[in-house]
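# Survey of secondary and tertiary structure
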Amino acid sequence: RVKEMVLAVTRRPGEELAAYTGRILATPGALLIKEADLAHNTDVKEAAAADLAGTLKIIADIGYSEIELAGQPSQPVAAFRTMLADTGLSVPSMHTNMADLKTNAQKRIDYARELGMQYLVCSFPSTADGRSIPSATLGSTLTLDDWKWNAEQLNRVGELARKAGVRFGYHN
């Protein structure tokens, strides 16, 4: 039985997404394994980039009712809202990073508000001069002045978000 579940959740080279999903749904216990995998280990960016509507349908079909965005989809908000309505999914929050917020804060807040999101989250700091920050060396790369600048930016974006009725946070 365990072997059947493992085989069911293992996608085969070249396998169509619909066949893969169908096998998971048809194999007792496989859905439970895939739900845990999706919640903790899966990055669905590739699948979503290839077929966002299809990926959202699969996520809904395996039992999810909410998703969290890591960045803003390229689809216009009305088209994305239709995809969500078609699948019954909601989006309570979206992550972005400080480099994006530096120039697109109001756009991200407006997008979040238009989709009815409660939260917009900054998931990675930046620097005023735009220099690269490898995540592995974050603690040793940012200076005290960089952190002060990030705090100023977080406060600025937080105020814009508050005015729009969106809660803003920082994800360390």
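Before any of the text, the structure's been laid out above.
Residues numbered from 1 in each chain as written. Predicted model: local features only at pLDDT ≥ 70, side-chain atom pairs only at ≥ 80, totals over all residues. Heavy atoms only, no water.

## Description of the side chain of Thr55
- On the secondary structure map, Thr55 appears in helix H5 (residues 52-61).
- The contact partners of Thr55, leaving out residues within four places of it in the chain, are Val44, Ala47 and Ala48. (Helix = DSSP H or I, 4+ residues; strand = E, 2+ residues; numbered from the N terminus. Contact = heavy atoms within 4.5 Å.)

## Digging into the pattern of salt bridges
- In this structure the tally under the stated criterion is seven salt bridges.
- In this structure, the salt-bridge partner of Glu15 is Arg23, at a minimum N-O distance of 2.3 Å.
- The salt bridge involving Arg131 is made with Asp129; its shortest N-O contact spans 3.1 Å.
- On the basis of relative accessibility, which here comes to 31%, the residue Arg131 falls in the partly exposed class.
- Among the charged side chains, a salt-bridge network with shared partners connects Asp129, Arg131 and Asp146. (Salt bridge = Lys/Arg side-chain N within 4 Å of Asp/Glu carboxyl O. Buried < 20%, exposed > 50% of the residue type's maximum accessible area, 1.4 Å probe, protein only.)

## Observations concerning the nonpolar core
- Ranked by internal contacts, the top residues of the largest apolar core, which has 29 residues, are Leu56, Ile67, Leu69, Phe80, Leu84, Tyr111 and Met117.
- Breaking this core down by element, the ones donating at least two residues are H5, strand E1 (66-70), helix H6 (77-87), strand E2 (90-96), helix H7 (98-114), strand E3 (119-122) and helix H9 (144-164).
- Per-element accounting of this core gives the leading share, six residues, to H7.
- When near neighbours in sequence (up to four residues on either side) are disregarded, Leu56 contacts Ile67, Phe80, Met83, Leu84, Thr87 and Leu89. (Core = buried A, V, L, I, M, F, W, Y, C linked by side-chain atoms within 4.5 Å.)

## Thoughts on H9
- Helix length check: H9, at 21 residues, gives a terminal C-alpha distance of 30 Å against a target of 30 Å (1.5 Å per residue), a fit within 8%.
- Turning to H9, its buried residues are Asp146, Trp149, Asn150, Gln153, Leu154, Val157, Ala161 and Ala164. End-on view of H9: buried residues confined to an arc of 140°, all on one side of the axis. Looking at H9, the residues exposed on the side facing more than 90 degrees away from the buried face are Leu144, Asp145, Glu152, Asn155, Arg162 and Lys163.
- Among the structural elements, H7, E3, helix H8 (138-141) and strand E4 (167-170) are those in contact with the buried residues of H9.
- At the exit of H9 stands Gly165, carrying a positive phi of roughly 80°. (Expected span 1.5 Å × (residues − 1). Arc of directions from axis to C-beta.)

## Observations concerning the packing of H7 against H9
- Direction vectors running N to C along H7 and H9 enclose 15°, while the axes themselves pass 10 Å from each other. With respect to their mutual orientation, H7 and H9 come out roughly parallel. Remark: the crossing between H7 and H9 carries right-handed chirality. Between H7 and H9, the contacting residues are Met98, Leu101, Lys102, Ala105, Gln106, Ile109 and Arg113 on the first element and Trp149, Asn150, Gln153, Leu154, Arg156, Val157, Leu160, Ala161 and Ala164 on the second.
- Grouping the amino acids of the contact of H7 with H9 by side-chain chemistry returns 10 nonpolar, three polar and three charged. (Axes fitted to C-alpha atoms, helices over the stretch in contact; angles between N-to-C directions. Parallel < 35°, antiparallel > 145°, perpendicular 65-115°, else oblique. Left-handed = near helix turned anticlockwise from the far one by under 90°. Nonpolar A, V, L, I, M, F, W, Y, C, P; charged D, E, K, R; others polar.)

## Section: H6
- Along H6, the residues classified as buried are Val77, Phe80, Met83 and Leu84. Around the axis of H6, the buried residues are gathered within 120° of arc, so they sit on the same side. Away from its buried face by more than 90 degrees, H6 exposes Ala85 and Asp86.
- On its buried face, H6 sits against H5, E1, E2 and H7.

Taken by themselves, the reported measurements are silent on function.
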